[in-house]
Amino acid sequence: PVKVNKEAVKSVLAPSDVRIIPVKAAQSPAFDFEAIVPTPKSVKYTHNHCLISGKKQPVIYIGREPSQALCRVAGYLAEELQNIYKIQAEIKKESSPAPGSKNPAIYFYAENSKDFQKGMKPEGMELPTHIEGYALDINKNKVRAYAHDEKGIFYAFTTLMQMVKVDEKGVYFKGGKITDYPSSDFRGLHTFTSHTGKNVLENMMSRIVSRNKMNSW
């Protein structure tokens, strides 16, 4: 049997003397650690961060004739910004903001969309040839996600959420340019479950597996 030093355990888990020291703008030790999962093929960070917690709420532009899949991705983004950071983003079925708008703008460009065929295209952005590839450009007051289809836009959204930073100035997307595509066309896992575990697995797929850009289950 393993002998446990109860006094030692107590001193670690429940110390008798606990002091709380206020620290201005406290941050986690890994605040400046950059980690995008999986690691993109190309990443170039800039200082042109996109503040999304200012007086103007961010607006997600998905074109005038978006597919249901593109609407779902926009909904995921708005939902996570609200649930995690209490930021209410508006989704607009428009290709561009109204003249004079100063709201942070997030654009979704999918090559297979009707709006793309009608001219809603990102200028100066290059897209990987791989069908699941995407490009992401985060600049001051503007974010552009570019992909061949909605699946690539979802991967770009997943990366974008990993670019969120919080400090004393507010909540913002870290500035940068990212280009990525999968090294393997098949990225999946095999699971064994009972008939009662369906809901758990569905949540795992949407919240964990898909966020690691896996595409098969």
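Residues numbered from 1 in each chain as written. Predicted model: local features only at pLDDT ≥ 70, side-chain atom pairs only at ≥ 80, totals over all residues. Heavy atoms only, no water.

J.: Explanation requested: the pairing of strand 5 (residues 105–110) in the structure shown.
T.: Along any regular strand the residues' side chains alternate between the sheet's two faces. Burial analysis of strand 5 places six of its six residues in the buried class, which makes it a mostly covered element. With burial as the criterion, each face of strand 5 is covered, one bearing Ala 105, Tyr 107 and Tyr 109 and the other bearing Ile 106, Phe 108 and Ala 110. Here strand 5 pairs with strand 7 (residues 142–147) via six bridges, running parallel. Bridged to Ala 105 within strand 7 is Lys 142. (Buried < 20%, exposed > 50% of the residue type's maximum accessible area, 1.4 Å probe, protein only. Helix = DSSP H or I, 4+ residues; strand = E, 2+ residues; numbered from the N terminus. Pairing = 2+ DSSP bridges.)

J.: I would appreciate a short explanation of the pattern of salt bridges in the present structure.
T.: Side chains that carry opposite charge are capable of pairing whenever their charged atoms lie near each other. Per the stated rule, a full pass over the model turns up five salt bridges. In this structure, Glu 94 and Arg 64 form a salt bridge, with 3.2 Å as the shortest nitrogen-oxygen distance. With Glu 94 in the loop between strand 4 (90–92) and strand 5 and Arg 64 in the loop between strand 3 (59–61) and helix 2 (68–85), this residue pair connects regions lying 30 residues apart in the sequence. A relative accessible area of 32% means that Glu 94 is categorised as partly exposed. Here Arg 64 falls in the exposed class, since its relative accessible area comes to 59%. With a shortest N-O distance of 3.2 Å, Lys 177 and Asp 137 are connected by a salt bridge. Taken together, the residues Lys 177 in strand 10 (residues 176–180) and Asp 137 in strand 6 (residues 134–139) connect sequence positions 40 residues apart. Exposure remark for Lys 177: the relative accessible area of 45% places this residue in the partly exposed category. One salt-bridge network, held together by shared partners, links Asp 137, Arg 144 and Lys 177. (Salt bridge = Lys/Arg side-chain N within 4 Å of Asp/Glu carboxyl O.)

J.: Would you mind going over the environment of Gly 152 with me for this structure?
T.: Within the secondary structure layout, Gly 152 lies in helix 4 (residues 150–161). Take Gly 152: its relative accessible area is 0%, and that puts it in the buried class. For Gly 152, the residues in contact, after removing those within four places along its chain, are Glu 132, Gly 133, Tyr 134 and Ala 147. (Contact = heavy atoms within 4.5 Å.)

J.: Teacher, can you tell me more about the side chain of Lys 213 here?
T.: Here Lys 213 is to be found in the segment after helix 5 (198–209). Of the side chains with opposite charge, Asp 180 lies nearest to the buried Lys 213, which makes no salt bridge, at 4.9 Å. Lys 213 has contacts with Val 37, Pro 38, Tyr 134, Tyr 155, Thr 158, Thr 159, Gln 162, Asp 180 and Arg 187, leaving out every residue within four places of it along the chain. (Lys, Arg positive; Asp, Glu negative; His and termini not counted.)

J.: In this structure, what is going on with the sheet that holds strand 5? I would like to understand it.
T.: Paired through backbone hydrogen bonds, the strands of a sheet run either parallel or antiparallel to each other. Taken in spatial order, the seven strands line up as 1-10-6-7-5-3-4 in an open sheet, and their pairing is mixed. Strand pairing shows two members of the sheet lacking a second neighbour, strand 1 (42–45) and strand 4, which therefore form its edges. The mean inter-strand angle of the sheet, taken between neighbouring strand axes irrespective of direction, is 10°. Examined bridge by bridge, strand 6 and strand 10 share five bridges and lie antiparallel to one another. For Ala 135, the partnering residue across the bridge sits in strand 10 and is Thr 179. The strands touched by helix 2 are strand 3, strand 4 and strand 5; relative to strand 5, the strand with the most contacts, the crossing angle is about 150°. Sitting on the sheet, helix 4 is in contact with strand 5, strand 6, strand 7 and strand 10, with an inclination near 40° to strand 6. (Axes fitted to C-alpha atoms, helices over the stretch in contact; angles between N-to-C directions.)

In short, geometric facts, not functional conclusions.
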